[in-house]
Amino acid sequence: MNGRKLIFLPLLLLPLWIALYWFLQPAADFVVGSLFGMGKEAPLTEAIRFFLFETPKVLMLLVLVVFAVGIVRTFFTPERTRAILGKHSHVTGNVLASLLGIVTPFCSCSAVPLFIGFVEVGVPLGVTFSFLIAAPMINEVAVVLLFGLFGLKTAMIYVGTGLAIAMAAGYIIGRLHLENYVQSWVYELHSVSQQTDSCPSWEGRIRSGFEAIRDIVGKVWVYLVIGIAVGAGIHGWVPQDFMASIMGKSAWWSVPLAIAIGVPLYSNAAGIIPVVQALLEKGAALGTVLAFMMSVIGLSLPETIILRKVLRLPLIFTFVGIVAAGIMVVGYLFNYIF
Amino acid sequence: MDIKILGSNCANCRTLTARVDQALKELSLNATLEKVEDIPRIISYGILATPGLVIDGKVISQGQVQTLSRLKEILLAARQGAPA
């Protein structure tokens, strides 16, 4: 597909998407009720109904949002973000870095060149960290899943508290003046800044949107289907309030335990969130669940190992410690409020 | 043509390398393809995101894994010395 046609394709597909989306619930009910002829209360019926409705629903939401984010990201290249952040110091810098972390394309395997590139042009260490914390933690896949499975309120809480952690942790790291714990060779590098971002046309941006769908949805759909299947199993068979004693509010140790399990666990959001949603339904507390998700998605062992190349151990521990503390505060706060 | 893929051993970098290799074969272009994994060397090209695609010393893209057909366009354009 090339030329101007591509620009109008989304306008053509959108009504189709909306029609299909509204059709999902009746379709799932029809398949479960009429075709299988199963009773209303049986666990298997509920599990199948859950799976048949949630899987296409979340996949469709994902396609739509990934497409939109794919287009938005063509406006925010890492170079442009770096140029903006180079001009701001603490507080303003931390806030901007966290927000830009959401929209700037980032993959944790790029953490090293990005870190060096930021530090090189004088972006403060704390501001760089705000970016590095927000970018993986608040990603479109996580937000879509939270919205699709938990609703708007939980998704907003996740984004809001994630941003708060990124801003605060970056600010604290900046205040601690840990520049000495960056590997010294980082400051000795000199690179020629390359201008690769010629302004893309709208056609190019829309093509990026479609490519994002293929890349991201193509990669995560398997985890998503498995996650929802496991979630459906829990939904149907695990007794109500089963999780209340393990992950409930009254268990004070549940938040640190959730984080301790979550950090070494490296799963993408697609696999973990449907499972977590089912746990919540069975009596796990929201704060504990949020803490678990944030530590799985936001603090990953592989990324920390990659950063080891540019950071010395005390700085790595400080970084992980501060972010984990932030997540812990969020966990307790929400267990307390709700 | 001298092509370099900048990036550590990550999934995106491997995919891009494989696709460029395939594109070169399908177009039967004569080129050297090198994967650069040394961080200071990667940084020296001034990129912020991996994988970086460098053709004849010029950074063509970074942080992107293009489709096979897009890569073919890029390679053909680079051979003629025109921007893709």
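Scroll up a little and you will see the structure.
Each chain has its residues counted from 1, running along the sequence as written. For naming, the first written chain is A and the first written ligand is 1, with later ones following in the order written. Two thresholds apply to this predicted model, a pLDDT of at least 70 for residue-level local features and 80 or more for giving and counting side-chain atom pairs, whereas whole-chain, interface and lining totals are computed over all residues. Note that the side-chain values use all heavy atoms of the structure and ignore hydrogens as well as water.

Draft legend 1. Structural detail: the sheet that holds strand β2 (residues 32-36) of chain B. Residues and elements named next belong to chain B. The strand order β2-β1-β3-β4 describes an open sheet built from 4 strands, whose pairing is mixed. Strand pairing shows two members of the sheet lacking a second neighbour, β2 and β4 (58-62), which therefore form its edges. Neighbour to neighbour, the strand axes of the sheet diverge by 20° on average, direction disregarded. The strands touched by helix α3 (residues 68-79) are β1 (2-6), β3 (52-55) and β4; relative to β3, the strand with the most contacts, the crossing angle is about 25°. In this analysis, strands are considered paired if DSSP registers two or more bridges between them. In DSSP terms, a helix is any run of H or I states spanning at least four residues, a strand is any run of E spanning at least two, and both are numbered starting from the N terminus. For helices, the fitted axis covers only the stretch in contact; all axes are lines through C-alpha atoms, and the angles between them, taken along N-to-C directions, range from 0 to 180 degrees. By definition in these notes, contact holds between two residues if any of their heavy atoms fall within 4.5 Å.

Draft legend 2. Highlighting a nonpolar patch on the surface. Residue and element names in this part refer to chain A. Nonpolar side chains (Val, Leu, Ile, Met, Phe, Trp, Tyr) are joined into patches within 5 Å and like charges within 9 Å, using only residues with over 30% relative accessible area and no salt bridge. The Shrake-Rupley method, run with a 1.4 Å probe sphere, supplies the accessible areas, and residue values consider only the shown protein chains as cover. The term salt bridge refers to a pairing of a side-chain nitrogen on Lys or Arg with a carboxyl oxygen on Asp or Glu at a separation within 4 Å. On the surface, V91, V95, L99, Y171, I172 and L176 cluster together into a nonpolar patch covering about 470 Å² of accessible area. With respect to the helices and strands, the residue L176 is situated in the loop between α8 (152-175) and α9 (184-188). For each residue, the accessible area found with a 1.4 Å probe, counting protein chains only, is set against the maximum for its type, and the residue is called buried under 20%, exposed over 50%, and partly exposed in between. For L176, a relative accessible area of 44% corresponds to the partly exposed category.

Draft legend 3. Layout of the nonpolar core. Formed by 100 residues in total, the largest nonpolar core has its most connected members in F115(A), Y158(A), I273(A) and L311(A). If one sorts the elements of this core by residue count, helix α2 (residues 43-72) of chain A sits on top with 10 residues. Aside from chain neighbours lying at most four places away, what touches Y158(A) is M137(A), A142(A), L146(A), L290(A), M293(A), M294(A) and I297(A). Residues belong to a common nonpolar core when they are buried Ala, Val, Leu, Ile, Met, Phe, Trp, Tyr or Cys residues joined through side-chain atoms within 4.5 Å. Grouped together as the second largest cluster of nonpolar side chains are 13 residues, A23(B), L24(B), L75(B) and A78(B) included.

Draft legend 4. View of the pattern of salt bridges. The tally for this structure, following the rule as stated, stands at 9 salt bridges over all chains. Across the salt bridge formed by E54(A) and K57(A), the nearest N and O atoms sit 3.4 Å from each other. Of this pair, E54(A) and K57(A) both sit in helix α2, 3 residues apart, which is roughly one turn of the helix. As a salt-bridge pair, K35(B) and E37(B) come within 2.8 Å of each other at their nearest N and O atoms. Taking relative accessible area as the criterion, E37(B) reaches 42% and is therefore assigned partly exposed.

Draft legend 5. Seen up close, the interface of chain A and chain B. With 25 residues of chain A at the contact, the number on the chain B side is 20 residues. Computed with a 1.4 Å rolling probe, the buried area is the accessible surface lost when two parts are put together, summed over both parts. For the pair chain A and chain B, the summed buried surface comes to about 1,900 Å²; carbon and sulfur atoms form 59% of the total. Connecting chain A to chain B are 0 salt bridges. At the level of elements, α3 (78-86), α5 (111-120) and α10 (202-237) of chain A are the ones that each hand at least two residues to the side of chain A that touches chain B. With 7 residues, the top contributor of residues to the side of chain A that touches chain B is α5(A). Under the grouping applied here, Gly and all other residues not named as nonpolar or charged are polar, the nonpolar ones being Ala, Val, Leu, Ile, Met, Phe, Trp, Tyr, Cys and Pro and the charged ones Asp, Glu, Lys and Arg. Of the residues assigned to the side of chain A that touches chain B, the class counts are 11 nonpolar, 5 polar and 9 charged.

Draft legend 6. Spotlight on the environment of V127(A). All names here are of chain A. With respect to the element layout, V127 can be found in helix α6 (residues 125-137). Measuring from C-alpha to C-alpha, the distance between V127 and G174 comes to 7.1 Å, with 47 residues separating the pair along the chain. Ignoring any residue separated from it by four or fewer positions in sequence, one finds V127 in contact with L85, S89, H90, G93, N94 and A97.

Draft legend 7. Local environment of the side chain of T161(A). All names here are of chain A. Among the structural elements, T161 can be located in helix α8. By the criterion applied in these results, polar contacts are pairs of N or O atoms within 3.5 Å in which, for protein atoms, one can donate a hydrogen and the other can accept it, and in which residues neighboring in sequence qualify only through two side-chain atoms. Looking at T161, its side chain comes within polar contact range of the main-chain oxygen of Y158, at 3.3 Å. If sequence neighbours within four positions are ignored, T161 has contacts with M294, V330 and F334.

Draft legend 8. Summary view of the pairing of β4(B). All names here are of chain B. Examined bridge by bridge, β3 and β4 share 4 bridges and lie antiparallel to one another. Across the sheet, residue L53 finds its bridge partner in β4, namely S61. Two successive antiparallel strands, β3 and β4, enclose a turn made up of 2 residues, where D56 displays a positive phi of approximately 50°.

Draft legend 9. Broad picture of the environment of A27(A). All names here are of chain A. By secondary structure assignment, the location of A27 is in helix α1 (residues 5-35). By relative accessible area, which is 22% here, A27 ends up partly exposed. Expressed as a C-alpha distance, the spacing of A27 and P256, which sit 229 residues apart in the sequence, is 42 Å.

Draft legend 10. Broad picture of α3(A). Every buried residue of α3(A) is accounted for by P78(A), E79(A), T81(A), R82(A) and L85(A). The buried residues of α3(A) occupy an angular sector of 160° when projected down its axis, which confines them to one face. Along the arc lie the directions from the helix axis toward the C-beta atoms.

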